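Understanding the architecture of this molecule
Here is what each chain is made of, one letter per residue.
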Amino acid sequence: MIDVLLYDPPGGAPRCGAAALIDAWDPAGDALIWVDIDCHDIEAARALLTGRFGISALAASDALRERHPPKIEWFDDYFFLLFKGFTAETADINNVSVVHISMFVGRNFLLTVHALPSPSVRALWSAVTAGAVQPGRGTVHLCYRLLRRIVDRYTPVILGLENRLDALEESLAERPDDTVLLELVNYNSRLKKLRRTFGYQQACLDELRHADSPLFNADSEHEFQDVYEHMERLTSLSALMQELSRDLMDGYISLNGHRLNSIMKTLTIASVIFLPLTFLAGIYGMNFDYMPEL
């Protein structure tokens, strides 16, 4: 499915439509076009990217791949940015699923490519059509707005884990249980994957905020600085959460070791008491002709 938004500055309001609206866009003109591609038909999407918009074949292949780490790549008259966002089904750390969102940003075109529905793309699309976001500020500004929505969806998921870790810490002190350890192992694994993704994306945003591109205006550096700071905060916060989960895992193992040592201490005391009695019973209970002291 392809959704098209065409904004012609003299016309005022943006027009929305299907792929046929692309024919009304002039690459050499001032009209801005945003094409959102839900790439179920990969070959048709590839033909549109490389043919109508002149996107590099290698960059189009990266955008259409099922899995690819976040990246940024610069070309003569556009740049390619690949980010990972949360799907609409992601509500907390236990059911994280991601959607790969590829962005091609040129002077007067923005192309977004994703295989799964993206709530961040839909939210920005609705904001533009409702007039809350002005497309006249340019494609780079729309790219910034989309990145902020992607990053903002990470925040409640990461912050929501903090309260859960506090609750697990209390339960470990009161009643240690193997299910708690299993939950902590799950959190540690998911946070490790998120940290890897956040690290890649932070590096991309760092490159964007320092980029010297003719596509950028006076506000671009400040906008990408803003989203970079949010991404950096999330990266450090996810690292902190992973350290907390590891500390709780180590604490659980230590508590279990302490409990085991206490049990072994009790068993050792019982053995020390009953071992002499068992020894005497063994000697005097033997049925021999000549017993000790007889």
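In this text, all values refer to a predicted model and were calculated from it rather than measured experimentally. (Residues numbered from 1 in each chain as written. Predicted model: local features only at pLDDT ≥ 70, side-chain atom pairs only at ≥ 80, totals over all residues. Heavy atoms only, no water.)

Remarks on the packing of aromatic side chains
Ring pairs (aromatic) are described by centroid distance and by the angle formed between their planes. All chains considered together, the criterion is met by 14 aromatic pairs. Ring centres of Phe216 and Phe224 lie 5.5 Å apart, and the angle between their planes is 40°; this geometry places the pair in the tilted category. Grouping residues by exposure puts Phe216 and Phe224 together as buried. Taken together, Trp25, Phe53, Phe75, Tyr78, Phe80, Phe104 and Phe109 form an aromatic cluster joined through their ring pairs. Note that Arg122 overlies the ring of Trp125, its terminal NZ or CZ placed 5.3 Å from the centroid. A cation sits over an aromatic face here: Arg209 above Tyr228, 3.7 Å from the ring centre. (Phe/Tyr/Trp six-rings, centres within 6.5 Å; stacked < 30°, edge-to-face > 60°. Buried < 20%, exposed > 50% of the residue type's maximum accessible area, 1.4 Å probe, protein only. Lys NZ or Arg CZ within 6 Å of the ring centre and 35° of its normal.)

Some points on helix H2 (residues 57-64)
Inspection of H2 places Ala59, Ala60, Asp62, Ala63 and Leu64 among the buried residues, and these make up the whole buried set. Buried positions along H2 lie against helix H1 (42-52), strand S4 (71-74), strand S5 (78-86), strand S6 (98-106) and strand S7 (109-114). (Helix = DSSP H or I, 4+ residues; strand = E, 2+ residues; numbered from the N terminus. Contact = heavy atoms within 4.5 Å.)

Digging into the environment of Pro135
Position of Pro135 among the secondary structure elements: in the loop between helix H3 (119-130) and helix H4 (139-174). For Pro135, a relative accessible area of 3% translates into the label buried. The sequence separation of Pro135 and Leu32 amounts to 103 residues, and the corresponding C-alpha distance is 7.7 Å. Each residue touching Pro135, except ones within four places of it in the same chain, is listed here: Tyr7, Leu32, Val128 and Leu142.

Notes on a negative patch on the surface
Judged by side-chain charge, Glu162, Asp166, Glu169 and Glu170 come together as a negatively charged surface patch. By the element assignment, Glu169 lies in helix H4. Overall, Glu169 belongs to the partly exposed group, its relative accessible area being 47%. (Patch = residues over 30% accessible without salt bridge, like charges linked within 9 Å, V, L, I, M, F, W, Y side chains within 5 Å. Areas by Shrake-Rupley, 256 points an atom, 1.4 Å probe, with all protein chains shown as cover. Salt bridge = Lys/Arg side-chain N within 4 Å of Asp/Glu carboxyl O. Lys, Arg positive; Asp, Glu negative; His and termini not counted. Charge placed at Lys NZ, Arg CZ, Asp CG, Glu CD.)

A few points about the pattern of salt bridges
Tallied over the entire structure, the rule returns twelve salt bridges. Glu223 serves as the salt-bridge partner of Arg137, at 3.5 Å between the closest nitrogen and oxygen. With Arg137 in the loop between H3 and H4 and Glu223 in helix H6 (residues 220-284), the pair connects residues that are 86 residues apart, well separated along the chain. The class of Arg137 is partly exposed, set by a relative accessible area of 41%. Owing to a relative accessible area of 9%, Glu223 belongs among the buried residues under this scheme. Across the salt bridge formed by Arg148 and Asp152, the nearest N and O atoms sit 3.2 Å from each other. Linking Arg148 with Asp152, this pair stays in helix H4, spanning four residues, or about one helical turn. Look at Asp152 and you get partly exposed, because its relative accessible area is 33%.

Observations concerning the pairing of S7
Of all the six residues making up S7, six are buried; the element is thus mostly covered by neighbouring parts of the structure. Burial of the side chains of S7 extends over both faces: Phe109, Leu111 and Val113 are buried on one face and Leu110, Thr112 and His114 on the other. From the end of S6 to the start of S7, which pair antiparallel, there are two residues. (Pairing = 2+ DSSP bridges.)

Quick word on the layout of surface pockets
Considered as a void within the structure, the largest pocket measures approximately 740 Å³ in volume. Of all the secondary structure elements, the ones that give two or more residues to the lining of the largest pocket are H2, S5, S6, S7 and helix H5 (178-209). With seven residues, H5 is the largest single contributor of residues to the lining of the largest pocket. In terms of residue class, the lining of the largest pocket is built from 14 nonpolar, seven polar and seven charged. Roughly 200 Å³ of volume is contained in the second largest pocket. Residues that form the lining of the second largest pocket fall into these classes: six nonpolar, six polar and three charged. (1 Å grid on protein atoms, 1.4 Å probe; cavity = no way out; pocket = protein on both sides within 12 Å on 5 of 7 lines; lining within 4 Å. Points joined across faces, edges and corners; volume = space filled by probe spheres on them. Nonpolar A, V, L, I, M, F, W, Y, C, P; charged D, E, K, R; others polar.)

Overview of the pairing of S5
The buried fraction of S5 amounts to nine of the nine residues, a majority that puts the element mostly inside the structure. Burial along S5 is two-sided: Tyr78, Phe80, Leu82, Lys84 and Phe86 facing one way and Phe79, Leu81, Phe83 and Gly85 facing the other are all buried. Sheet topology places S5 next to S6; nine bridges connect them, and they run antiparallel. Counted as the bridge partner of Leu81 is Met103 from S6.

Considerations on the nonpolar core
Ranked by internal contacts, the top residues of the largest apolar core, which has 56 residues, are Leu81, Met103, Leu147, Leu208 and Phe224. Elements represented by at least two residues in this core include exactly strand S1 (2-7), strand S3 (32-38), S5, S6, H3, H4, H5 and H6. Once you skip the residues sitting within four places of it in the chain, Phe224 turns out to touch Val140, Cys143, Tyr144, Leu147, Leu208, Arg209 and Phe216. The next biggest cluster of nonpolar side chains, apart from the first, holds 26 residues, and it includes Val35, Phe53, Phe104 and Val113. (Core = buried A, V, L, I, M, F, W, Y, C linked by side-chain atoms within 4.5 Å.)

Limitation: the analysis is restricted to geometry and does not speak to function.
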